[in-house]
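Chain and residue survey
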There are 2 protein chains.
Amino acid sequence: MTGTAAARISPETRTLFDRALDREPTPRRPLWINRQAGRYLPEYRKLRERYGFKELAGSAELAAEVTLQPIRRFPLDAAIIFADIMSPLPALGIEFDFAPGPVVAEPIRSAAAVDALPEADSKSVAPEVIEAIALVRRELPAHTALLGFCGAPWTLAAYLVEGRGVKDFPRLRAFAAEQPRALERLLERLSRLMAAYLIRQGQAGVSAIQVFDSWAGLLSRASWERLVRPHLESMLHAVGEAGISRILFVNNAPHLVEAYAGLPAEGLAVDWRIDLRALQERHGDRRAVQGNIDPAILTAGPEPTRAAAESLLDQVRARGHIVNLGHGVLPNTPVESVEALVQAVHREAQ
Amino acid sequence: MTGTAAARISPETRTLFDRALDREPTPRRPLWINRQAGRYLPEYRKLRERYGFKELAGSAELAAEVTLQPIRRFPLDAAIIFADIMSPLPALGIEFDFAPGPVVAEPIRSAAAVDALPEADSKSVAPEVIEAIALVRRELPAHTALLGFCGAPWTLAAYLVEGRGVKDFPRLRAFAAEQPRALERLLERLSRLMAAYLIRQGQAGVSAIQVFDSWAGLLSRASWERLVRPHLESMLHAVGEAGISRILFVNNAPHLVEAYAGLPAEGLAVDWRIDLRALQERHGDRRAVQGNIDPAILTAGPEPTRAAAESLLDQVRARGHIVNLGHGVLPNTPVESVEALVQAVHREAQ
């Protein structure tokens, strides 16, 4: 798969990241870090003294600045646009706040509430994110990839139905049992909205996108196949048709990985629970794999980080491997641990 | 396996539950419910108006009363002693409170803190629980089994190191990376303490115990095999040697189920994420299986509950199946849903 938007325009500028995602040989593996723009960085915390999270994510200029902060500090191979998975939802008339996770003003818990959602004009979907992508694109070094992202329809539905992040989302699971048709209509709406949003991100300048699915693991495989898969698949298909490469990140759903691996995506990202080498052995001929150092190890300091990185590099074949953590970097991570990770990955090129 | 303490004393009194756990044919499947003594019951909430949770669990008389409440209301096939997984830990000098989950006064985060734990006299381990078991035994109908329980060593260590239930327990994972030897010593101590505690429960009158492992799923299978398995195995082995039947309940760890299934236990209980029929096909010749209706479905009312129960009974072979939920019954569960579940299970005998 070489059909990324960037590749079609100027093949010579394809980044290390883009090439690894297409499973081409590269001088070393690319590295980026889930939540690399965020609270573990002193420069981010300084901005947060002046601005709330919603202000940062809501302003194209500030979001672009936050996106670039980790790139200025570390030689990472990809930037990911700073936004929230909830950012596109105001286009459906949904109001929310952060406390610190998303809290939805009016949870969706009936078929009527699903059917009352307005049709969204794709140009009204998170214009600040689209503008921030254009701003970052101008400043980002040519060798650094720019990633867009969205939340998976199921994960967005989880917050919309439950109202907020609650352990194991029991209201969501009850809604799935009681109102499966309404839930499917909600997922279908979210799937279409996310496809439009990701395609606009591609037009604005990202060469690849990552879909974050945080809560798929709440479901049995049979329920996931029936309820969730069709909507995730149609979203990914539409994005691929638009020439944008796709990474699917599935958190805490080890029983679904084999099901996910069959979805249309160039890359499969998994958390630290999964044996990445075994995943690569099963799917490495068709998918790049991304991950999966336990982010908690970085909080223990540079030495455990270096050991974990070296062990990962040793176990997972270089070709088609994008190095990352198995989940977001934690707020109490020392910057020195990230430096140790960068050094371990860069040492491979020497 | 027919060597339960109760069985050796008086074979003719073996309950439906005990026989199903030994995979003998029974006129219908037995049923009990994780957290059946608790907040969904009006009579429990009434007691909680007068007593705090710690008071209820700390008094043998009150704990016995709470244990018996669901048995008086529903024809369940087993009672489980009302206690907390933290109940045995004061024997190690550990102080904690509930808010509402356990909060440890001084989290264990160094090798020195592990090594400073005092040796416990097995008679000092939760004497109120042992006394409550004897009280319940006197009042419980002969056809109703009495179950003891404990938290798995890893799950107890999770609270002791993290200090409280925090999403994904990052300090625990960092401690495992930084101080694996100290963590192993902690697990070894907890394993010995829990074995002694479970054996005393058996002597006091339970015929079987359930081990609750809530947080094993935080680990990759390789880490689990290395760090956790030996201690869980030695605990289960010691309990089996004492003639007590064992059910191992693993929550949210679908990638570990095949590893767990090899541990010494008569029964394997899993959450709603797992296909119980497939589990039974793989292990039903050596293990009873227990579970696994999604407890969220019960909050949706009697009709969805009945449908879920009938589907489970239809899919899973009766012999060697103990019906239960896939996790604790939720506080907002209507009593009518539990009645619908009981009816669906009892209908099988007709």
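Please refer to the structure placed before this passage.
Residues numbered from 1 in each chain as written. Chains lettered and ligands numbered in written order. Predicted model: local features only at pLDDT ≥ 70, side-chain atom pairs only at ≥ 80, totals over all residues. Heavy atoms only, no water.

**Details of the packing of helix 8 (residues 153-162) of chain B against helix 10 (residues 180-204) of chain B**
All names here are of chain B. Defined as follows: Angles here are taken between N-to-C directions and fall from 0 to 180 degrees, while the axes themselves are lines fitted to C-alpha atoms, restricted in helices to the stretch in contact. We count a stretch as a helix when DSSP gives it H or I for four or more residues in a row; a strand needs E for two or more, and each element gets its number in order from the N terminus. Oblique is the label for every angle not falling under 35 degrees (roughly parallel), over 145 degrees (roughly antiparallel), or within 65 to 115 degrees (roughly perpendicular). Note on convention: the crossing is left-handed when the near helix lies turned anticlockwise from the far helix by less than a right angle, right-handed when the turn is clockwise. We call two residues in contact whenever any of their non-hydrogen atoms come within 4.5 Å of each other.
Their axes nearest at 9 Å, the elements helix 8 and helix 10 cross at an angle of 125°. The angle between helix 8 and helix 10 falls in the class oblique. By crossing handedness, the relation of helix 8 to helix 10 is classed as right-handed. Contacts between helix 8 and helix 10 involve Pro 153, Trp 154, Leu 156, Ala 157, Leu 160 and Val 161 on the former and, on the latter, Leu 183, Leu 186, Leu 187, Leu 190, Ser 191 and Met 194.

**Here we look at the relation of the copies chain B and chain A**
Each of the two chain copies goes to the other by way of a rotation about an axis and a shift along it. Our working definition: Only residues with pLDDT of at least 70 in both copies count here: their C-alpha atoms drive the least-squares fit that superposes the copies.
Mapping chain B onto chain A calls for a rotation angle of 180° and an axial translation of 0.0 Å; the resulting RMSD is 0.0 Å. What the superposition gives is, in effect, a two-fold axis relating one chain to the other. Most of the interface of chain B is mirrored in chain A, where 100% of its interface residues are also at the interface.

**Examining the nonpolar core**
This is how the line gets drawn: The term nonpolar core refers to a set of buried residues drawn from Ala, Val, Leu, Ile, Met, Phe, Trp, Tyr and Cys, joined through side-chain atoms within 4.5 Å. When accessible area is computed with a 1.4 Å probe and restricted to protein chains, residues below 20% of their type maximum are described as buried, those above 50% as exposed, and intermediate ones as partly exposed.
Within the largest apolar cluster, 132 residues are counted, with the highest numbers of intra-cluster contacts made by Phe 17, Leu 89, Leu 186, Val 211, Trp 224, Leu 232 and Tyr 260 of chain A. At eleven residues, helix 10 (residues 180-204) of chain A tops the list of elements feeding residues into this core. Beyond its immediate sequence surroundings of up to four residues, Tyr 260 of chain A is in contact with Asp 213, Ala 216, Trp 224, Leu 232, Leu 248, Val 250 and Leu 268 of chain A. Formed by 131 residues, the second largest nonpolar core is a distinct cluster that contains Tyr 197, Val 211, Val 250 and Ile 274 of chain B.

**Observations concerning unusual backbone geometry**
In this chain, Gly 291 of chain A is followed by Asn 292 of chain A through a cis amide linkage whose omega measures -15°. Its location among the elements puts Asn 292 of chain A in strand 8 (residues 288-293). Not every positive phi belongs to a glycine, and Arg 35 of chain B is a case in point at roughly 65°. Within the fold, Arg 35 of chain B resides in the loop between helix 2 (16-21) and helix 3 (42-50). Despite not being glycine, Asn 252 of chain B shows a phi value in the positive range, around 50°. Here Asn 252 of chain B is to be found in the loop between strand 6 (245-250) and helix 12 (257-260). Taking relative accessible area as the criterion, Asn 252 of chain B reaches 15% and is therefore assigned buried.

**Brief notes about the interface of chain B and chain A**
Here is the rule: Accessible area that two parts lose when put together, evaluated with a 1.4 Å probe and summed over both, is termed the buried area. The term salt bridge refers to a side-chain nitrogen of Lys or Arg lying within 4 Å of a carboxyl oxygen of Asp or Glu. Definition of a polar contact: a pair of N or O atoms within 3.5 Å, with one able to donate and the other able to accept a hydrogen when the atoms are protein atoms, and with sequence-neighbouring residues admitted only if both atoms are side-chain atoms.
Between chain B and chain A, the residue contacts involve 26 residues of the former and 26 residues of the latter. Regarding the contact of chain B and chain A, the summed buried area is about 2100 Å², with carbon and sulfur atoms giving 57% of it. It is Arg 173, Trp 272 and Arg 273 of chain B that lose the most area in chain B upon contact with chain A, and together they represent 26% of the buried surface on that side. Run the count over chain B and chain A and you get four salt bridges. Note that Arg 273 of chain A is salt-bridged to Asp 168 of chain B, the shortest N-O span being 3.7 Å. Counting the contacts that link chain B with chain A gives six residue pairs in polar contact (both at pLDDT 80 or more). Among the elements of the structure, helix 9 (170-178) and helix 14 (295-299) of chain B are those that each provide at least two residues to the side of chain B that touches chain A.

**Some points on the side chain of Arg 28 of chain A**
All names here are of chain A. With respect to the helices and strands, Arg 28 occurs in the loop between helix 2 (16-21) and helix 3 (42-50). Only 2.9 Å separates the side chain of Arg 28 from the side chain of Asp 77, close enough to count as a polar contact. Among the polar contacts listed, one links the side chain of Arg 28 to the side chain of His 346, at a separation of 3.5 Å. Excluding anything up to four places from it in sequence, Arg 28 contacts Leu 16, Asp 77, Val 345, His 346 and Ala 349.

**A few points about the sheet that holds strand 9 (residues 321-325) of chain B**
Residue and element names in this part refer to chain B. We apply this condition: Any two strands are treated as partners once DSSP identifies two or more bridges connecting them.
Read from one edge of the open sheet, seven strands run 1-4-5-6-7-8-9, paired in parallel fashion. One side of each edge strand has no neighbouring strand; the edge strands of this open sheet are strand 1 (78-80) and strand 9. Ignoring which end each strand starts from, the neighbouring axes of this sheet average 25° apart. Where strand 7 (residues 267-270) meets strand 8 (residues 288-293), three bridges bridge the pair, whose relative direction is parallel. Bridging from a neighbouring strand, Gly 267 pairs with Ala 288 of strand 8.

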